[in-house]
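Residues per chain, in single letters:
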Amino acid sequence: MRKNNLGSLLTLILFVPLLLVGCSKDQAKITVVGASSVQPLVEQAGNDYHLAHLSSNIVVQGGGSGTGLSQVQAGAVEIGTADVFAETQPGINARKLVDHQIAVVGIVPIANKDVGVSNLSAKNLMRIFTGKITNWRQVGGKNLPIIVINRSRGSGTRTIFEDLILQGKEAINSQEQDSNGTVKKIVSSTPGTISYISFPYANDSHIQKLSINQVKPVNHNILTNKWPLWAYEHMYTKGKPSKSTAAFIDYVLSEKVQKNLVPKTGYLSIHEMKVSRDSKNKITKIGDPHEQK
Amino acid sequence: MSKNKQDLQEVVEQAIAEQKVPHVKFKKTAPQNVDVAKLTKASKETRQERWGKGLTFLAIILIGILIIAIIGFVGMHGLATFTSDKVNIGHFLFSSEWNPSAGSSHVGAGAMIVTSFAVTLLAALIATPFAIAVALFMTEFELGKRSSLLQSVMELLVGIPSVVYGFLGLTVVVPAIRTIFGGTGFGILAATLILFVMVLPTITSLTVDAFKAVPKELRKSSAALGATRWQTIYHVVLRAARSRILTAIIFGMARAFGEALAVQMVIGNAVLMPANLVSPSATLTSQLTSQMGNTVMGTLPNNALWSLALLLLAMSLFFNFLVRLIGKRS
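The sections below set out a description of the structure shown in this document. (Residues numbered from 1 in each chain as written. Chains lettered and ligands numbered in written order. Predicted model: local features only at pLDDT ≥ 70, side-chain atom pairs only at ≥ 80, totals over all residues. Heavy atoms only, no water.)

### Describing the environment of Gly75 of chain B
Residues and elements named next belong to chain B.
Inference 1: Within the secondary structure, Gly75 sits in helix H3 (residues 44-83).
Inference 2: When its relative accessible area of 10% is taken as the criterion, Gly75 is described as buried.
Inference 3: For Gly75 and Ser307, which are 232 residues apart along the polypeptide, the C-alpha to C-alpha distance reads 7.9 Å. (Helix = DSSP H or I, 4+ residues; strand = E, 2+ residues; numbered from the N terminus. Buried < 20%, exposed > 50% of the residue type's maximum accessible area, 1.4 Å probe, protein only.)

### So, the pattern of salt bridges
Residues and elements named next belong to chain A.
Inference 1: On inspection of all chains with the given rule, the structure shows seven salt bridges over all chains.
Inference 2: Here Glu176 and Arg153 are joined by a salt bridge, their closest N and O atoms 3.2 Å apart. Of this pair, Glu176 sits in strand E7 (residues 175-177) while Arg153 sits in the loop between strand E6 (147-151) and helix H5 (156-166), and the two are 23 residues apart along the sequence. Taken individually, Glu176 and Arg153 each receive the classification buried, so the pair is uniform in this respect. (Salt bridge = Lys/Arg side-chain N within 4 Å of Asp/Glu carboxyl O.)

### Remarks on the packing of helix H5 (residues 110-141) of chain B against helix H11 (residues 242-258) of chain B
In a packed pair of helices, the relevant descriptors are the angle between the two axes and the axis-to-axis distance.
All names here are of chain B.
Inference 1: One way to put it is that H5 packs onto H11 with a least axis distance of 9 Å and a crossing angle of 140°. What the angle tells us is that H5 and H11 run oblique. Taken as a pair, H5 and H11 cross one another with a handedness that is right-handed. Judged by residue contacts, Ser116, Phe117, Thr120, Leu121, Ala124, Thr128 and Ile132 of H5 engage Ile245, Ile249, Met253, Ala256 and Phe257 from H11.
Inference 2: Among the residues making up the contact of H5 with H11, the classes are represented as nine nonpolar, three polar and no charged. (Axes fitted to C-alpha atoms, helices over the stretch in contact; angles between N-to-C directions. Parallel < 35°, antiparallel > 145°, perpendicular 65-115°, else oblique. Left-handed = near helix turned anticlockwise from the far one by under 90°. Contact = heavy atoms within 4.5 Å. Nonpolar A, V, L, I, M, F, W, Y, C, P; charged D, E, K, R; others polar.)

### So, the interface of chain A and chain B
Inference 1: Contact with chain A, which involves 34 residues of that partner, is made by 35 residues of chain B.
Inference 2: Taken together, chain A and chain B are joined by zero salt bridges.
Inference 3: Looking at the side of chain A that touches chain B, the elements with two or more residues in it are helix H1 (2-23), helix H3 (65-73), E7 and helix H6 (180-189) of chain A.
Inference 4: In terms of residue class, the side of chain A that touches chain B is made up of nine nonpolar, 20 polar and five charged.

### Quick notes on the side chain of Asn135 of chain A
All names here are of chain A.
Inference 1: Mapped onto the secondary structure, Asn135 falls in the loop between helix H4 (122-129) and E6.
Inference 2: What makes Asn135 buried here is its relative accessible area of 12%.
Inference 3: Side-chain polar atoms of Asn135 contact the backbone nitrogen of Arg137, separated by 2.9 Å.
Inference 4: In terms of polar contacts, Asn135 uses its side chain to reach the backbone amide nitrogen of Leu144, at 2.9 Å.
Inference 5: Leaving out residues up to four positions away in the same chain, Asn135 has contacts with Lys142, Asn143, Leu144, Pro145 and Ile146. (Polar contact = N/O pair within 3.5 Å; in protein donor to acceptor, adjacent residues only side chain to side chain.)

### Focus: the packing of aromatic side chains
Inference 1: Per the counting criterion, the structure on display carries 15 aromatic pairs over all chains.
Inference 2: Ring plane angle 45° and centroid distance 6.3 Å describe the contact between Phe199 of chain A and Trp227 of chain A, whose orientation is recorded as tilted. In this pair, Phe199 of chain A is assigned in the loop between strand E8 (193-198) and strand E9 (207-209) and Trp227 of chain A in the loop between helix H7 (219-223) and strand E11 (230-238), connecting sequence segments 28 residues apart. Each of the two residues, Phe199 of chain A as well as Trp227 of chain A, counts as buried.
Inference 3: Aromatic pair Phe257 of chain B and Phe319 of chain B: ring centres 5.9 Å apart, planes at 70°, arrangement edge-to-face. Taken together, the residues span a long stretch of sequence, with Phe257 of chain B in helix H11 and Phe319 of chain B in helix H14 (residues 300-329) at a distance of 62 residues. Pair check on accessibility: Phe257 of chain B and Phe319 of chain B agree, each one buried.
Inference 4: Through a chain of ring-to-ring contacts, three or more aromatic side chains come together here, namely Phe117, Phe257, Phe318 and Phe319 of chain B.
Inference 5: In this structure, Arg277 of chain A packs its charged tip against the face of Trp230 of chain A, placed 3.9 Å from the ring centre.
Inference 6: In this structure, Arg239 of chain B packs its charged tip against the face of Tyr234 of chain B, placed 5.4 Å from the ring centre. (Phe/Tyr/Trp six-rings, centres within 6.5 Å; stacked < 30°, edge-to-face > 60°. Lys NZ or Arg CZ within 6 Å of the ring centre and 35° of its normal.)

### A word on the packing of H4 of chain A against H5 of chain A
All names here are of chain A.
Inference 1: It is the contact of H4 with H5, at a shortest axis distance of 9 Å, that shows an interaxial angle of 120°. In terms of orientation, H4 lies oblique with respect to H5. Taken together, the residues of H5 that come into contact with H4 (itself represented by Ala122, Leu125, Met126 and Phe129) are Phe161, Ile165 and Leu166.
Inference 2: Counted by class, the contact of H4 with H5 contains seven nonpolar, no polar and no charged residues.

### A closer look at unusual backbone geometry
Residues and elements named next belong to chain B.
Inference 1: In this model, Lys86 sits at a positive phi of 60°, which is unusual for a non-glycine residue.
Inference 2: With a phi close to 50°, Asn269 is a non-glycine residue in the positive phi region.
Inference 3: Looking at the element boundaries, Asn269 is found in the loop between helix H12 (261-267) and helix H13 (284-291).
Inference 4: The class for Asn269 is buried, based on a relative accessible area of 1%.

### Here we look at the pairing of strand E3 (residues 79-82) of chain A
Residues and elements named next belong to chain A.
Inference 1: Side-chain alternation along E3 places Ile79 and Thr81 on one buried face and Gly80 and Ala82 on a second face that is also buried.
Inference 2: Bridge analysis of strand E1 (residues 29-34) against E3 gives three bridges, and the strand direction is parallel. Bridging across to E3, Val32 finds its partner in Ile79. (Pairing = 2+ DSSP bridges.)

Function-wise, these values are silent; they only describe arrangement.
What follows is the structure in structure tokens.
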């Protein structure tokens with residue numbers, strides 16, 4: 001009788017996974033995983049795309065740039081999103097990935113309302129984040145100690161900020177926060193704090209946005225790189241995307257999304273950029289050089 | 001099997017031949033047609049029981065596999081830091097220099113370990129007297145509506161998601177600490193206060209169970225000897241429930257040690273050895289959650305985070321072990 005028992009058990013073990021697999025009918029399912037900064041945009045685009053193409057099935061998840069890149073490299077997902085270039089990430093073989101840049105987002109230094117400073121030179125900004133300047137008085141503000149709030153190590157925003165502002169120097173060991181929202185909350189309520197967030201989050205009056213070298217942090221300054229703190233939002237695919245994946249990426253890059261949804265969610269259209277930047281932060285102008293004068 | 005059947009067949013035939021069991025008359029047919037094979041088949045009830053057994057076994061096997069897989073996976077990645085990236089274990093445990101992307105000589109979790117233990121112990125230390133007081137009130141003094149109201153309030157506290165506690169900490173506790181003690185307000189003290197509220201219901205409800213488990217006879221005997229209520233509580237109830245209270249505290253500590261989100265929002269996340277209770281610091285969990293998404297699988301920064309996870313797993317196993325030990329001793 002024991003034999004019989006084991007037999008039914010074996011059938012169960014064999015059949016349960018089969019049943020589960022059988023349930024998920026695969027109909028052009030596209031999974032997008034990665035940078036949380038671009039998640040709202042892709043989620044909305046995915047919803048709209050699904051309404052237009054009912055057979056499509058787009059699943060969008062966060063998890064961070066590192067997760068997105070390693071998942072797409074492993075072939076676990078169709079699209080991995082990131083706000084850093086794959087070339088800059090150790091452990092990622094960028095030659096196997098195809099980069100689709102879908103939008104641009106600006107990054108702005110912010111400070112508490114009461115520090116008495118609204119403009120910083122790039123050099124002073126660097127000195128603050130490397131711990132050389134420790135009081136707002138030294139940059140023309142109030143007599144108030146500076147509290148630096150950095151972003152989590154390895155986050156896309158922090159990588160861009162450190163590459164462009166700190167220029168290879170090590171930031172001081174300070175508080176770190178994971179999300180734009182928390183950073184904004186802390187800066188708005190703690191005297192003397194300074195940090196940086198993405199443009200879409202810097203839209204209220206409780207915080208002091210800082211100009212750099214007298215350049216205002218507004219979108220049209222990004223187009224010409226006059227405001228240098230900006231990052232691409234990337235969609236990476238492993239090799240050439242499949243037909244359905246390519247169709248979705250084309251949809252994200254279409255006029256309809258780039259003209260409406262992208263600015264609505266606080267990003268800049270990739271088509272409007274007058275300059276481009278490579279993974280080594282080299283800036284090149286786009287289009288006819290004669291027209292650019 | 002077949003021998004059994006043969007024996008049975010013989011017995012049946014013999015019985016029919018001798019007519020010793022006159023009530024066995026199958027379908028009024030000739031008694032020699034008795035189907036022994038059918039008689040020896042499993043009944044419906046037996047089959048049901050077998051199915052149930054099988055399903056239970058399957059569930060146990062699956063859970064066993066799951067546990068082994070989790071421990072194996074965390075262990076594999078967590079140990080890779082020491083085996084393939086050649087980080088010294090002593091350096092990992094005692095150094096407080098944490099910047100894994102700069103190389104294997106910057107993987108020191110010391111500051112995080114100290115902070116994790118500090119917030120856990122402090123939270124348990126503050127919460128325990130409150131928990132015991134509330135539990136005493138609920139079991140020894142009030143046995144009516146108010147007690148059940150308290151009970152549901154405690155249950156409510158458990159149900160609140162930790163992000164809410166974190167946000168409350170960020171908006172209320174941190175500014176309050178900043179005004180009273182100076183600094184930024186972020187640090188061990190803020191985390192301790194948040195964790196205090198979070199572990200209080202856990203410790204309280206387990207302590208209530210502990211007091212309820214003390215036999216009524218003990219209280220009655222104590223009263224019969226002329227002891228006051230307080231004397232009974234202090235000398236009898238508390239003593240008798242001691243090991244269960246200890247278990248409750250350890251459960252609370254396990255919860256505090258593993259809490260990530262709420263702590264991450266108020267601790268400041270600076271990987272520095274805490275200088276005092278209001279200097280920004282980081283716990284194992286807060287570093288783990290805030291950085292996991294930014295690292296690439298298989299690289300040193302990622303492996304180092306898995307090592308933190310392994311440390312957490314080891315700690316929770318240790319807490320479990322402690323609970324069992326105390327349970328056995330009582």
